[in-house]
Amino acid sequence: MKSRKREIQKTTAWMHVKLSVMALIFGLSGCWYTYSLDKDTHTITDTSPTTDTRSESDTDTECGAIDCVDDCDPNPCVHGTCTDGLSSYSCLCTGDWTGTNCDDYSAIYEAEDCTAEQDAGVSSVNTGYMGTGYVDYGGGGAFVEWNNVTVPVAGAYKLEFRYASSVYDRPCTLSINGVDVGQIAFRGVPDSTWSDWRVDSITLPLSDGTLTIRLTSIETGPLLDRMTITTDL
Ligand SMILES: [Ca+2]
Ligand SMILES: [Ca+2]
């Protein structure tokens with residue numbers, strides 16, 4: 001009888017050892033998981049917190065190699081799709097939106113791709129242009145027009161015009177949807193040539209939707225290379 005009792009005591013002690021080792025293994029495998037051992041019933045209870053409070057700044061102790069935080073929630077990509085990374089994210093921007101968070105806009109309209117022109121013709125004689133060429137203005141009343149300018153969101157935009165004007169000023173009137181909104185100076189610079197390209201700009205509030213933008217020469221126009229519409233004011 002004594003032998004039977006000692007056997008039971010040995011078995012019970014051995015179970016304590018095994019359960020303690022199991023609890024230790026669980027404890028070492030990740031500080032996020034915690035367990036309690038009931039010595040009377042020999043049961044292990046998971047006492048891990050029910051709310052996940054981990055952050056990726058604690059990757060060594062809590063997350064290990066696991067990306068446990070969704071950096072795309074809330075979505076930081078204003079006009080784009082977010083891809084989650086380890087303490088990081090990347091944005092794939094839609095349309096003409098750019099920048100880390102797809103909140104910068106930049107659209108290019110080449111003069112040689114304009115939708116209408118009068119007393120003006122496409123050329124590529126002078127070097128340094130962008131795209132496939134530029135438009136060479138004639139005299140007063142000559143114009144270049146784009147009727148396909150798409151503005152995604154109403155707001156302030158900067159319109160930049162790349163041009164060459166040699167040594168003389170060649171100002172043009174800027175109109176949007178048939179309404180004059182200002183002048184672009186297209187200034188000449190002493191000793192410059194028709195291959196010295198410069199940029200003039202104007203900042204305007206634009207409504208959303210499709211706009212028609214026209215540049216009409218007052219006396220004589222420049223070589224007009226391209227127009228860029230951007231939110232980089
Ligand atoms: Ca992440
Ligand atoms: Ca061009």
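Since the model is a prediction, treat every value here as computed from it, not as a measurement.

## Overview of the overall build of the chain
Move 1: Along its length, the chain carries two helices and 16 strands.
Move 2: In the chain, which comprises 233 residues, the proportion classed as buried is 21%.
Move 3: Sequence-distant contacts in the chain: of pairs separated by 6 or more residues, those separated by 24 or more amount to 57%.

## Details of the sheet that holds strand S7 (residues 116-118)
Move 1: Reading across from one edge, S7-S10-S15-S12-S13 is the order of the five strands in this open sheet, with antiparallel pairing throughout. The open sheet has two edge strands with one neighbour each: S7 and strand S13 (179-184). Between one strand axis and the next, the sheet turns through 25 degrees on average, direction left out of account.
Move 2: Here three bridges tie S7 to strand S10 (residues 143-151), and the two strands are oriented antiparallel to one another. For Gln 118, the partnering residue across the bridge sits in S10 and is Phe 143.

## Thoughts on the environment of Gly 221
Move 1: Within the secondary structure, Gly 221 is located in the loop between strand S15 (209-217) and strand S16 (223-230).
Move 2: Sequence separation between Gly 221 and Gly 140 is 81 residues, and the spatial gap between their C-alpha atoms is 7.5 Å.
Move 3: Gly 221 has contacts with Ala 120, Tyr 137, Ala 142, Arg 170 and Cys 172, leaving out every residue within four places of it along the chain.

## A word on unusual backbone geometry
Move 1: Here the bond from Asp 73 into Pro 74 is cis, since omega is 5 degrees, no more than 30 degrees from zero.
Move 2: Mapped onto the elements, Pro 74 comes out in the loop between helix H2 (59-63) and strand S3 (80-85).
Move 3: Its identity is not glycine, yet Asp 191 carries a phi of approximately 70 degrees, on the positive side.
Move 4: Mapped onto the secondary structure, Asp 191 falls in the loop between S13 and strand S14 (198-206).

## A look at the pairing of S10
Move 1: By the bridge criterion, seven bridges tie S10 to S15 in an arrangement that is antiparallel. Counted as the bridge partner of Thr 150 is Thr 210 from S15.

## Considering the nonpolar core
Move 1: Residues Val 135, Val 144, Tyr 163, Leu 215 and Leu 224 are the most contacted members of the largest nonpolar core, which totals 29 residues.
Move 2: For this core, the secondary-structure elements that each account for two or more residues are strand S9 (134-137), S10, strand S11 (155-164), strand S12 (172-176), S15 and S16.
Move 3: Broken down by element, the residue count for this core peaks at five residues, all from S11.
Move 4: Apart from the residues within four sequence positions on either side, Val 144 is in contact with Ala 111, Cys 114, Glu 117, Ala 120, Val 135, Leu 215 and Leu 224.
Move 5: With five residues, the next largest nonpolar core counts Cys 91, Trp 97, Cys 102 and Tyr 105 among its residues.

## A look at the pairing of S12
Move 1: Pairing of S12 with S13, which is carried by five bridges, proceeds in the antiparallel orientation. Looking at S13, one finds that Ile 176 is bridged to Val 179.
Move 2: Hairpin connection of S12 to S13: two residues between the antiparallel strands, including Asn 177 at a positive phi of 50 degrees.
Move 3: Bridge analysis of S12 against S15 gives five bridges, and the strand direction is antiparallel. The residue bridging Ile 176 from the neighbouring strand is Ile 213, located in S15.

## Considering the confidence of the model for the chain
Caution applies to low-pLDDT parts of the model: their predicted coordinates are not meant to be read in detail.
Move 1: Looking at the chain as a whole, the pLDDT averages 83, with 72% of positions reaching at least 70.
Move 2: A low-confidence stretch, residues 1-5 stays under pLDDT 50, and its non-local contacts, those more than four residues away or across chains, total zero contacts.
Move 3: Within the model, the stretch residues 11-33 combines pLDDT values under 50 with 19 contacts to residues more than four positions away or in other chains.

The rules behind these values
- Residues numbered from 1 in each chain as written.
- Chains lettered and ligands numbered in written order.
- Predicted model: local features only at pLDDT ≥ 70, side-chain atom pairs only at ≥ 80, totals over all residues.
- Helix = DSSP H or I, 4+ residues; strand = E, 2+ residues; numbered from the N terminus.
- Buried ≥ 20, exposed ≤ 12 C-beta atoms within 10 Å, placed from the backbone.
- Contact = placed C-beta atoms within 7 Å.
- Pairing = 2+ DSSP bridges.
- Axes fitted to C-alpha atoms, helices over the stretch in contact; angles between N-to-C directions.
- Core = buried A, V, L, I, M, F, W, Y, C linked by C-beta atoms within 7 Å.
- pLDDT = per-residue confidence, 0-100.

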